[in-house]
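Structural overview for review
Next come the chains, spelled out residue by residue.
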Amino acid sequence: MTETKVNPTLSINAIRMLALDAVEQAKSGHAGMPMGMAPAAYVLWTEFLKHNPKDPRWPDRDRFVLSAGHGSMLLYSLLHLSGYPLELEDLKRFRQWGSKTPGHPEYEHDPFIGVETTTGPLGQGISTAVGMAMAERKLAAEFGAEIVDHHTYVIASDGDLMEGVSSEASSLAGHLRLGKLIVLYDDNDVSIDGSTELAFTEDRMLRYEAYGWQVIRGVNGEDLEAIRAALKAAQTDPRPSIISVRSIIGYGSPLAGNHKAHSDAMGAEKVAATRQTLGWNYAPFEIPQEVYDDYRQVIPKGQAAQAEWQARFEAFAKANPEAAAEFGRRQERRLPESLSKVWPGFNPGEKMATRAASGKVLEKIVPALPELIGGSADLTPSNNTRTSEMSDFTPANPSGRYVRYGVREHAMGAALNGMTLHGGLRPYGGTFFTFSDYMRPALRMAAIMGIPTVFVFTHDSIGVGEDGPTHQPIEHLMSLRAMPVLWTVRPADATETVAAWQLALERTDGPTALILTRQALPVLEGSSREGALKGGYVVADAQNPQAAIVATGSEVSLALEAQRLLSEQGLRVRVVSLPCWEVFEAQPAEYRESVLPKSLPTLSVEAGSPLGWERYADRSIGLTRFGASAPYPTVYQNLGFTAQRVVDELKALIGA
């Protein structure tokens, strides 16, 4: 096919005017960034990015992340113009209910239209991209560069670089020498408040040099040849690269270079003036055919690149049929059949912390699940997240299955999401439960996207003991339960911990948080993996029960001790373990009623905030204060988590 010769200015201005027209029609949005970064995006998208609009899911495509998600019309314009399944009518419905063009880019499983990740909260995109680059490096080491060989490109803003999570993630990327990660930094000296001189005056490129990145400074955002040269240099460097693109926000408009160009519709008069300045003699949303012809040259190029990859993959499959089948299985997120045969069992009477039980589960399943890649935010011995056969993922050992994230909880969460989104890996990462606060935005992003990232949170309650209230979660369980889509699983013992991992790994439509104890717990006589897989079940019953105690985690043992004491007093009480509210709520109403009948007076017991337990209980034992530093039995005793208090509260509930 002969390449169409088009004045690139026309194609670049098409991005600018589509962004301006869409924001004007919606009376809402951010046209300034797309107008400033249009030239750099054009060069990247049409000359460097390896992609096929006719098959957006092609495994060896380059990944593109618009970290500056407020400039979503830049991405939507590129997707539409180059032939992805995004029509002009979709652009006209920018920021409207049910449209494919929401205010910030949103990852969609089906249909997948080329948006690789949800972005908007600044810093998340670039940090998620680090995880994508990690996944590429790991899979290339495992399957070979003829099968996995692509880049991850990012457009990031001043705001992205201000956010702490990007600093954490960029530091990690430099340490890991992720040479296929390339960031185009929209260096326009403007943020919402005004000039970056107001709050952002350090030499950020010097900071990236210190992280171990290749830094390419001062590239003129209107100089296409300079942009090309910078991207070529970035592609050949073994370090991650950041290119400072000196752009002009709102280029071509009366607000060019002004912070007022950042957001909101400019108004008909300024839009008309922009048309005149850019020489754009077309009606709103009108795109000349020659622009489409220019952008859609990426389709045959992408199809040819994919065909070449397909031929390599077929040769690989012929020589390595088992590896090729494994690659395909992972792309489909299908668990291997062998996994069902390796889940461990535990005997009643054994005593171990659920974090230790989790470690034992991992020892069994890691060999059976090669896509599983673990990690911890500098708490490996405490989280029990590294198994005996795991080696560390490092620049010298990219096939390693364990990531040392350092004390970077937020970056860990975002990187986990990036690896999940990339495909081919099932990542998990651990930290203390109280530090879930440090990574909450990444948890929320996983839930919004509905991706099966696994978060391991140990040291789950006042049972932490001596480390005191800074390390003892109180409000965290209810906080996570309040998050839509996220499953929060707090197992009562080792048997339920097996179920927790099974729930997490069999899930494909959202993230799971495993909430695990520091202190040892007995394996309960009545605990049931099958029951836990339903989110809740009767762990110990009585004939014609007069009341029920419902609990989670370590408090189930406490409830069972109280049941024994109540039985000695002639009171018949059922004990229910409810490790995962979300899974329990998904059960048929008949099952839920059989476990927790509405007619049965119910007391809840959980060492955390009682807020929310009114859903299941008539009365609650919980915490409305922070914890204390002391050996954990002393903390439990002094904060009222004793079998006798459960007995007293239950008797008060039923008037006994």
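What you see is a predicted model; the values in this text were computed from it and never measured.

**A word on the overall build of the protein**
The number of helices and strands found in the protein is 25 helices and 20 strands. Its C-alpha atoms give the protein a radius of gyration of 27 Å, within 12% of the compact-globule value 26 Å for 656 residues. The principal-axis extents of the C-alpha atoms in the protein amount to approximately 90 × 60 × 45 Å. Split into buried and exposed, the 656 residues of the protein put 62% on the buried side. Taking all contacts inside the protein whose residues are at least 6 apart in sequence as the whole, residues at least 24 apart take part in 77%. By element, 50% of the accessible surface of the protein is carried by carbon and sulfur atoms, the whole surface being about 24000 Å².

**A closer look at the UniProt feature "site: Important for catalytic activity" (unreviewed entry) in the protein**
The positions UniProt marks with the feature "site: Important for catalytic activity" (unreviewed entry) are His30 and His262. These residues run over 233 residues, yet every pair of their C-alpha atoms falls within 5.8 Å of each other. Not counting the four nearest positions on each side in its chain, histidine 30 is found in contact with Val23, His70, Gly71, Arg95, His262 and Ser263. Along the chain, histidine 262 turns up in the loop between strand E7 (241-246) and helix H10 (268-278). Apart from residues no more than four positions distant in its own chain, histidine 262 is found in contact with His30, Ala31, Gly32, His70, Ile192 and Ile249.

**Considerations on the side chain of aspartate 460**
As for its position among the elements, aspartate 460 is in the loop between strand E12 (454-458) and helix H18 (476-481). Residue aspartate 460 is classed as buried on the basis of its relative accessible area, which comes to 2%. Separated by 2.8 Å, the side chains of aspartate 460 and arginine 490 make a polar contact. Leaving out residues up to four positions away in the same chain, aspartate 460 has contacts with Phe433, Pro473, Arg490, Ile515, Leu516, Thr517 and Gln519.

**Let's talk about the UniProt feature "domain: Transketolase-like pyrimidine-binding" (unreviewed entry) in the protein**
The sites that carry the UniProt feature "domain: Transketolase-like pyrimidine-binding" (unreviewed entry) are, in the present numbering, residues 352-523. With 34% helix and 17% strand, residues 352-523 has end C-alpha atoms that lie 8 Å from one another.

**Digging into the environment of alanine 353**
Along the chain, alanine 353 falls in the loop between strand E8 (351-352) and helix H14 (354-365). Counting along the chain gives 105 residues from alanine 353 to threonine 458, while the straight-line C-alpha distance between them is 9.6 Å. Once residues within four sequence positions are removed from consideration, alanine 353 is found in contact with Thr517, Arg518, Gln519, Ala520 and Leu521.

**Comments concerning the nonpolar core**
Counting residues in hydrophobic clusters, the biggest one holds 68 residues, and the most contacted among them are Met134, Leu181, Tyr208, Ile242, Tyr405 and Phe457. Residue contributions to this core peak at ten residues, all from helix H5 (residues 124-143). Lining this core are residues from two domains, each supplying at least three of them: domain 1 (8-304) and domain 2 (337-523). Discounting residues that sit within four places of it in the chain, tyrosine 405 has contacts with Met134, Leu172, Gly375, Ser376, Ala377, Met412, Ala415, Leu416 and Met419.

**Focus on the pairing of strand E11 (residues 426-432)**
In terms of burial, E11 is largely enclosed, as seven of its seven residues are buried. Pairing of strand E9 (residues 372-376) with E11, which is carried by three bridges, proceeds in the parallel orientation. Following the sheet pairing, leucine 372 is matched in E11 by arginine 426. Here E11 pairs with E12 via five bridges, running parallel. Its bridge partner being in E12, glycine 429 is matched across the sheet by phenylalanine 455. Remark: the E11/helix H17 (residues 440-449)/E12 crossover connection has right-handed handedness.

**What to know about the sheet that holds strand E19 (residues 602-605)**
The five strands lie next to each other as E16-E18-E17-E19-E20, forming an open sheet whose pairing is mixed. Each edge of the open sheet is held by one strand with a lone partner, namely strand E16 (537-540) and strand E20 (619-621). Strand-to-strand, the axes of this sheet are offset by a mean angle of 30°, without reference to chain direction.

Thresholds applied
Residues numbered from 1 in each chain as written. Predicted model: local features only at pLDDT ≥ 70, side-chain atom pairs only at ≥ 80, totals over all residues. Heavy atoms only, no water. Helix = DSSP H or I, 4+ residues; strand = E, 2+ residues; numbered from the N terminus. Rg over C-alpha atoms; globule rule 2.2 N^0.38 Å. Buried < 20%, exposed > 50% of the residue type's maximum accessible area, 1.4 Å probe, protein only. Contact = heavy atoms within 4.5 Å. Areas by Shrake-Rupley, 256 points an atom, 1.4 Å probe, with all protein chains shown as cover. UniProt positions renumbered as here; feature names shortened; annotations may be inferred. Polar contact = N/O pair within 3.5 Å; in protein donor to acceptor, adjacent residues only side chain to side chain. Core = buried A, V, L, I, M, F, W, Y, C linked by side-chain atoms within 4.5 Å. Domains from an automatic or database assignment. Pairing = 2+ DSSP bridges. Right-handed = clockwise from strand over helix to strand, strands pointing away. Axes fitted to C-alpha atoms, helices over the stretch in contact; angles between N-to-C directions.

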